[in-house]
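Residues per chain are reported as follows:
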Amino acid sequence: MSGMGPMTERVVTSVLLALWRRPETTMAAVLRETLAPVPEVREALGVLRERRCLIEEEPGGALRLVSTGLACWRDVLEDMARREKLRVGRRVMVFFRTSSTNDVAWQCAVNPEMDGLVVVADEQTAGRGRLGHVWSAKAEQSVLMSVLLRGGARERGGVERNAEWLTMVTGLAVAAAVEEAAPGIEARIKWPNDVLIGGRKVAGILAERRGAANEEAVVVGIGINVMQGSGDFPGGIAERATSMYQATGRAVDRLRVAAAVVRKLDACVSGGGAGAGQGRGEESWIREWKDRCGMIGMRITARSAAEGGGVLSGEVVDVDPLEGLVVRDAAGAVHFLSAQRTTLSEDEPRKGR
Ligand code: BTN
């Protein structure tokens, strides 16, 4: 943006925020809201387009922000966090390309100021999934995001337990965010960390803790398939994966998805026990999680990811936010399966779905 003074940069931000807050707006409304003269607003629209925002403009003056370039995400998310007093998103770091957003968040973990940090990227060169799997996604199609929580996600339980709890509430937050950003679709949860649309994976979650058990930090990484077409997934996962675009047939602004995740995750992790919906108690979010998951009563086979780990078949009898999946085997013994160490397969299709 060479040659652009600080005054113009301020107008660019105000025009961006005006478009973001009212995605279907008019030139007249933007002029009123920003109190900037027409030539400056025009210049600002040009700058936003250079920053890869897709802004439609009709001859009658209607303006529509269709999608928001990554270079603008920080302004929007930090403004939202400030206005809504959110813990998550008070600080946002944006990368066009990085190794893994989880790694960047971990590099910041020693700094107490960084609680609630959100790291986003257009592309990762070493994205990772649960149990050491690779998470690969073409550039500019996904929400690739990590959130750093210091001081423990919750006061009780400690960090180790928080990783299980955080995986669950993040799944709920992501499922709700996906539905909010693409009305009409139904997102389900597959324990422990998958969000599905129509039985196919649309998002995955990787909650990590590192170091000593008393090290009070967790990082939760979230990968959401937003704009992938059918040819964009690697061969091995193409039949099991989907994107919000594939599910709806409509383009979705990735920033709308990211912002919805930030809001809903914040509702879960700040303030004692509020679930994905504001002001609801712990019981309520667990119930919502179970409704979205629908695994209770299912027969599954679970494999422990630990070296030499065993195989267990049984019926899912419950899900516990801290202990994980509760499974009863054929002999009637009850087992608690940790999300950090288990892979699952279903023995029979779910009824009624
Ligand atoms: C899984 O389904 O196994 C979890 C996938 C998590 C992927 C996200 S993408 C953003 C963040 N950075 C990573 O390296 N992984 C997570």
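Coordinates for the structure precede this section.
Now for a quick tour of the structure. (Residues numbered from 1 in each chain as written. Predicted model: local features only at pLDDT ≥ 70, side-chain atom pairs only at ≥ 80, totals over all residues. Heavy atoms only, no water.)

**Looking at the overall build of the protein**
Then comes step 1: Each helix and strand counted, the protein has nine helices and 15 strands in total.
Then comes step 2: Residues classed as buried in the protein amount to 53% of the 353 residues present.
Then comes step 3: Long-range contacts, defined here as pairs at least 24 residues apart, represent 63% of the contacts in the protein between residues at least 6 apart.
Then comes step 4: Surface summary for the protein: the accessible area is close to 15700 Å², and the carbon and sulfur share equals 50%. (Helix = DSSP H or I, 4+ residues; strand = E, 2+ residues; numbered from the N terminus. Buried < 20%, exposed > 50% of the residue type's maximum accessible area, 1.4 Å probe, protein only. Contact = heavy atoms within 4.5 Å. Areas by Shrake-Rupley, 256 points an atom, 1.4 Å probe, with all protein chains shown as cover.)

**Comments concerning the environment of methionine 295**
Then comes step 1: With respect to the helices and strands, the residue methionine 295 is situated in the loop between helix H9 (282-293) and strand E11 (299-304).
Then comes step 2: Residue classification places methionine 295 among the buried residues on the basis of a relative accessible area of 1%.
Then comes step 3: For the pair methionine 295 and valine 316, spaced 21 residues apart in sequence, the C-alpha to C-alpha distance is 6.7 Å.

**Structural notes on the side chain of asparagine 102**
Then comes step 1: Within the secondary structure, asparagine 102 is located in helix H5 (residues 101-107).
Then comes step 2: For asparagine 102, the residues in contact, after removing those within four places along its chain, are Arg128, Ser146, Leu206, Glu208, Val219, Val220 and Gly221.

**Examining the site of the ligand**
Then comes step 1: Among the 21 residues in the neighbourhood of the ligand, the closest are listed as Ser100, Gln124, Arg128, Arg130 and Lys201.
Then comes step 2: At 2.8 Å from an oxygen atom of the ligand is found a side-chain nitrogen or oxygen belonging to serine 100.
Then comes step 3: The separation between a nitrogen atom of the ligand and a polar main-chain atom of arginine 128 is 2.7 Å.
Then comes step 4: Contact with the protein chains hides 97% of the accessible area of the ligand, taken as 420 Å² for the molecule alone.
Then comes step 5: Put simply, the parts of the chain that give the shell around the ligand at least two residues each are H5, strand E6 (142-150), strand E9 (200-209) and strand E10 (217-225).
Then comes step 6: No other element matches E9, which puts four residues into the shell around the ligand.
Then comes step 7: Taken together, the residues of the shell around the ligand break down into six nonpolar, eleven polar and four charged. (Near = heavy atom within 4 Å. Polar contact = N/O pair within 3.5 Å; in protein donor to acceptor, adjacent residues only side chain to side chain. Nonpolar A, V, L, I, M, F, W, Y, C, P; charged D, E, K, R; others polar.)

**Considering the layout of surface pockets**
Unoccupied space between atoms shows up once a probe the size of one water molecule is rolled over them.
Then comes step 1: By volume, the second largest pocket amounts to about 480 Å³.
Then comes step 2: Forming the walls of the second largest pocket are 20 residues, and the residues nearest its centre are Pro23, Leu65, Ala181, Asp253 and Arg256.
Then comes step 3: For the lining of the second largest pocket, the elements supplying multiple residues, two or more each, are helix H1 (6-21), strand E3 (62-67), helix H6 (158-181) and helix H8 (254-269).
Then comes step 4: When the residues that make up the lining of the second largest pocket are grouped by side-chain class, the tally is eleven nonpolar, no polar and nine charged. (1 Å grid on protein atoms, 1.4 Å probe; cavity = no way out; pocket = protein on both sides within 12 Å on 5 of 7 lines; lining within 4 Å. Points joined across faces, edges and corners; volume = space filled by probe spheres on them.)

**Considering the sheet that holds strand E5 (residues 118-124)**
The strands making up a sheet are joined through hydrogen bonds of the backbone, oriented either antiparallel or parallel.
Then comes step 1: Judged by pairing direction, the sheet is mixed, and its seven strands sit side by side in the order E4-E5-E6-E10-E9-E8-E7 without closing on themselves. Each of the sheet's edge strands pairs with one partner strand only, and the pair in question is strand E4 (92-98) and strand E7 (187-190). This sheet shows a mean twist of 20 degrees between the axes of neighbouring strands, independent of strand direction.
Then comes step 2: In this sheet, strand E8 (residues 194-197) lies alongside E7 in antiparallel orientation, the contact comprising four bridges. Within E8, the residue paired with arginine 188 across the bridge is leucine 196.
Then comes step 3: On top of the sheet, helix H4 (residues 73-84) reaches E4, E5 and E6; it is set at about 155 degrees to E4, its chief contact.
Then comes step 4: Against the sheet, H8 touches E5, E6 and E10, its axis set at about 25 degrees to E6. (Pairing = 2+ DSSP bridges. Axes fitted to C-alpha atoms, helices over the stretch in contact; angles between N-to-C directions.)

Without other data, these values stay purely geometric and don't point to any function.
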